[in-house]
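# Descriptive analysis of the structure
Here is what each chain is made of, one letter per residue.
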Amino acid sequence: RAIHMINLILFGPPGSGKGTQAIKLVEKYNLLHISTGDLFRYEMGNNTPLGLEAKSYIEKGQLVPDSVTIGMLKNKVDSNPDVSGYIFDGFPRTINQAEALDSLLAEKKLVIDKLLSLKVEDDEIVKRILHRGKTSGRADDNDASIIQNRINVYKQETSPVFDYYAKAGKSVLVEGMGDIDEIFERLNAEVHAI
């Protein structure tokens, strides 16, 4: 490949400013931002075959199978051939999904280059989200124990995926404290090292 595509996974606990950093990375490197939440909203909102399939599981209170999620991901990747790479936001969440993502990329002769995980101390996250809760109107932003639970779920979910890519030397913890530009510089340094 003459032009190297940059394919990143971005992880960060709730309230880590991950969304803001994803947008900045997308702009700087001409990446396609892929968040599974957005994919689901798009496919379900447009009643696509995969969207309808996802709905049928959700209505029964069941988890949407990985095959459906990966199908949505594949559609998104296929319909955006001219980007310089991808930033997967908070996905994959399981080893299964990571393996499926790796195979999907391998079909296109691509790999994940790096998993960047923003590191923010728990008490700082709780403080930030409680602060946000004053204006967000979300009930779960105003309860420290619910916030702590969200952090714990995040850690349990993402640590196996972090370890999976760490085995290939691809996972990096990036200090997520400080102002937006400082954190962005740290992420940039990691991208440049690819």
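Please refer to the structure placed before this passage.
Attention in this report is confined to the structure presented alongside it. (Residues numbered from 1 in each chain as written. Predicted model: local features only at pLDDT ≥ 70, side-chain atom pairs only at ≥ 80, totals over all residues. Heavy atoms only, no water.)

To continue, consider the pattern of salt bridges. The final tally for this structure, using the stated rule, is 17 salt bridges. As a salt-bridge pair, Asp78 and Lys108 come within 2.7 Å of each other at their nearest N and O atoms. Taken together, the positions of Asp78 in helix H4 (residues 66-78) and Lys108 in the loop between helix H5 (95-107) and strand E4 (114-119) put the pair 30 residues apart, joining distant regions of the chain. With a shortest N-O distance of 3.2 Å, Asp140 and Arg150 are connected by a salt bridge. Pair noted here: Asp140 is in the loop between helix H6 (122-136) and helix H7 (144-166) and Arg150 is in helix H7, with a separation of 10 residues, a long-range link. Owing to a relative accessible area of 23%, Asp140 belongs among the partly exposed residues under this scheme. Three or more residues are tied together by salt bridges with common partners; here these are Arg132, Arg138, Asp140, Asp141 and Arg150. (Salt bridge = Lys/Arg side-chain N within 4 Å of Asp/Glu carboxyl O. Helix = DSSP H or I, 4+ residues; strand = E, 2+ residues; numbered from the N terminus. Buried < 20%, exposed > 50% of the residue type's maximum accessible area, 1.4 Å probe, protein only.)

Below, the discussion takes up the layout of surface pockets. Each pocket or cavity is described by its volume, and for the largest pocket that value is around 350 Å³. Lining the largest pocket we find 13 residues, and of these Val64, Asp66, Thr69, Arg93 and Gln97 sit closest to its centre. Mapped onto the lining of the largest pocket, the elements with two or more residues apiece are helix H2 (36-45) and H4. Here the element with the most residues in the lining of the largest pocket is H2; it accounts for three residues. Here the residues of the lining of the largest pocket sort into four nonpolar, six polar and three charged. Reported here for the second largest pocket is a volume of approximately 260 Å³. Lining the second largest pocket we find 16 residues, and of these Ser117, Leu118, Tyr154, Lys155 and Leu173 sit closest to its centre. The set of elements that each furnish at least two residues to the lining of the second largest pocket consists of E4, H6 and H7. Looking at which element gives the most residues to the lining of the second largest pocket, the answer is H7, with six residues. When its residues are assigned to classes, the lining of the second largest pocket shows nine nonpolar, three polar and four charged. (1 Å grid on protein atoms, 1.4 Å probe; cavity = no way out; pocket = protein on both sides within 12 Å on 5 of 7 lines; lining within 4 Å. Points joined across faces, edges and corners; volume = space filled by probe spheres on them. Nonpolar A, V, L, I, M, F, W, Y, C, P; charged D, E, K, R; others polar.)

Ranked by size, the top nonpolar core spans 31 residues in total, and within it Ile9, Ile34, Leu73, Tyr86, Phe88, Leu101 and Tyr165 carry the most contacts. Looking at this core, the elements that each hand over two or more residues are strand E1 (6-11), strand E2 (32-35), H2, helix H3 (49-59), H4, strand E3 (85-89), H5 and H7. Top element by residues in this core is H4. It accounts for five residues. Leaving out residues up to four positions away in the same chain, Tyr86 has contacts with Met5, Ile6, Asn7, Leu8, Leu31, Leu32, Ile34, Val77, Asn80 and Leu110. Among the nonpolar cores identified, the runner-up in size contains 17 residues, and Tyr29, Leu118, Ile183 and Leu187 belong to it. (Core = buried A, V, L, I, M, F, W, Y, C linked by side-chain atoms within 4.5 Å. Contact = heavy atoms within 4.5 Å.)

Strands in a sheet are paired, the pairing made by backbone hydrogen bonds, and the direction either parallel or antiparallel. Strand order in the open sheet formed by five strands is E2-E3-E1-E4-E5, with parallel pairing between adjacent strands. What marks the edges here is a single partner per strand, and that holds for E2 and strand E5 (171-175). Ignoring strand direction, the axes of neighbouring strands in this sheet form an average angle of 25 degrees. Where E2 meets E3, four bridges bridge the pair, whose relative direction is parallel. Residue pairing across strands places His33 opposite Ile87, the latter belonging to E3. Set on the sheet, helix H1 (residues 18-29) makes contact with E1, E2, E3 and E4; between it and E1 the angle comes to about 170 degrees. (Pairing = 2+ DSSP bridges. Axes fitted to C-alpha atoms, helices over the stretch in contact; angles between N-to-C directions.)

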